[in-house]
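If you want the building blocks of each chain, they are given just below.
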Amino acid sequence: MKTEIHPQYQAVVFRDLASGTSFLTRSTVGSDKTTEWEDGKTYPLIEVEISSASHPFYTGKQRIMDSAGRVERFNQRFKNFGKK
């Protein structure tokens, strides 16, 4: 690998603003904000609006669209369209 061309890979804390959940991982992204983690060390803090802790797909609170009902309503509305 060439030296001094790769981004710095470091430990970073991501905080989900929707649920308040935080998790420590490694990333190349940096931040001016910092936070103290459970181990007593200070890490850069990245605040995200949604993560797997608050996204409806991962939490099981996903709404299922009733596409069959919509098709039936469309067919009912336009069943006589074009007939004389």
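Residues numbered from 1 in each chain as written. Predicted model: local features only at pLDDT ≥ 70, side-chain atom pairs only at ≥ 80, totals over all residues. Heavy atoms only, no water.

With reference to specific residues and values, describe the packing of aromatic side chains.
Following the criterion strictly, the structure yields three aromatic pairs and no others. Residues Phe14 and Phe23 carry aromatic rings whose centres are separated by 5.7 Å and whose planes lie at 20° to one another, so their mutual orientation is stacked. Residue Phe23 is classed as partly exposed on the basis of its relative accessible area of 36%. Seen in terms of ring centroids, Phe74 and Phe78 are 5.0 Å apart; in terms of plane orientation they differ by 50°. Their pairing is tilted. Taken together through their ring pairs, the aromatic side chains of Phe74, Phe78 and Phe81 make up a single cluster. (Phe/Tyr/Trp six-rings, centres within 6.5 Å; stacked < 30°, edge-to-face > 60°. Buried < 20%, exposed > 50% of the residue type's maximum accessible area, 1.4 Å probe, protein only.)

Lay out the sheet that holds strand E3 (residues 34-36) with the relevant residues and their values.
What the four strands build is an open sheet, ordered E2-E1-E4-E3; its pairing is mixed. Whereas interior strands pair on both sides, the edge strands pair on one side only; in this sheet they are strand E2 (22-27) and E3. Each adjacent strand pair in this sheet contributes to an overall mean axis angle of 45°, direction not counted. Relative to strand E4 (residues 42-48), E3 runs antiparallel, the two sharing three bridges. Looking across to E4, one finds that Thr34 is bridged to Pro44. (Pairing = 2+ DSSP bridges. Helix = DSSP H or I, 4+ residues; strand = E, 2+ residues; numbered from the N terminus. Axes fitted to C-alpha atoms, helices over the stretch in contact; angles between N-to-C directions.)

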